[in-house]
Amino acid sequence: MEALERYVHDHTEAEEELLRELDRETHRRTVAPRMLSGHIQGKLLKLLVRMLRPQRVLEIGTFTGYSALSMAAGLDPGAELHTIEVDDELEELAQSFFDRSSYGDRIRLHIGSALDIAPTLGGTFDLVFIDGDKREYPDYYRMLMGDAGDRPLVHGGSVLIADNILWSGKVVEPVAARDRHTQAVIEFNRMAVADPRVENVIVPLRDGLNLIHVKR
């Protein structure tokens, strides 16, 4: 598997130097660097943005900013990306790399709860990348789809991408072994596949991505 992973990396467009530096800084300065999106997932996000050409992107869970920078690189001029991070201790690190990037002017960083902030940003979003608190995944879905009592934050044609959707394989563990994080991820996946307003596919890349398309 290690050789196959190396082959994938060697035959994917090279990682930008700024992202490589951010990867190093994340490993040096954070206690959970594995939360970083990384080279392959970052390239996938960039290409999806290039193909979908969204004008407004919402990211729930900035961490140190790798995925936000990856998506911003794929945006058309004039498009914008709002990214929300609950941990204010990560603000300085993420913003410092946004400021150094040639795509940083497309990114708006917000600190606080996504459930509180996202509804205040106005309008709807063409693309949403969900990578926040796993316990809140079902609440994010309800908020985005307008099932929480407020207006929906997505529209027909919008795409949602939820990360860590296999949760290190815990989604198939016995019920008695499931913690709150696992239970919430399972509930999110159940909500998406049962919702007639959307179509979805789970892609087993890294810890799993749930790609969800809102039907027109």
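An account of the accompanying structure is given in this report. (Residues numbered from 1 in each chain as written. Predicted model: local features only at pLDDT ≥ 70, side-chain atom pairs only at ≥ 80, totals over all residues. Heavy atoms only, no water.)

**Considerations on the side chain of Thr 64**
- Residue position: Thr 64 is located in the loop between strand 1 (56-60) and helix 4 (66-74).
- Only 2.8 Å separates the side chain of Thr 64 from the side chain of Thr 26, close enough to count as a polar contact.
- Beyond its immediate chain neighbours, meaning those up to four positions away, Thr 64 contacts Leu 22, Thr 26, Thr 30, Leu 36, Leu 90, Leu 93 and Ala 94. (Helix = DSSP H or I, 4+ residues; strand = E, 2+ residues; numbered from the N terminus. Polar contact = N/O pair within 3.5 Å; in protein donor to acceptor, adjacent residues only side chain to side chain. Contact = heavy atoms within 4.5 Å.)

**Structural notes on the sheet that holds strand 1**
- Sheet architecture is open: seven strands sit in the order 3-2-1-4-5-7-6, paired in mixed fashion. Edge positions in the open sheet fall to strand 3 (107-111) and strand 6 (198-203), since each of these has one partner strand only. Ignoring strand direction, the axes of neighbouring strands in this sheet form an average angle of 15 degrees.
- Of the pairings in the sheet, the one linking strand 1 to strand 2 (residues 80-85) comprises five bridges and is parallel in character. By the bridge assignment, Ile 60 is partnered in strand 2 with Ile 84. (Pairing = 2+ DSSP bridges. Axes fitted to C-alpha atoms, helices over the stretch in contact; angles between N-to-C directions.)

**Things to note about the packing of aromatic side chains**
- Using the criterion set out here, one finds three aromatic pairs in the structure.
- Between Tyr 137 and Tyr 140, the ring centres sit 5.9 Å apart and the planes meet at 50 degrees, which makes this aromatic pair tilted. Taken together, the residues span about one helical turn, with Tyr 137 and Tyr 140 both in helix 7 (residues 137-145) at a distance of three residues.
- Accessibility expressed as a relative area gives 0% for Tyr 137, which makes it buried.
- Ring geometry for Tyr 141 versus Phe 188: centroids 5.6 Å apart, planes at 85 degrees, classification edge-to-face. In this pair, Tyr 141 sits in helix 7 while Phe 188 sits in helix 8 (residues 180-194), placing the two residues 47 residues apart along the sequence. Judged on exposure class, the residue Tyr 141 and its partner Phe 188 are both buried.
- Following the ring pairs from residue to residue traces out a cluster consisting of Tyr 137, Tyr 140, Tyr 141 and Phe 188. (Phe/Tyr/Trp six-rings, centres within 6.5 Å; stacked < 30°, edge-to-face > 60°. Buried < 20%, exposed > 50% of the residue type's maximum accessible area, 1.4 Å probe, protein only.)

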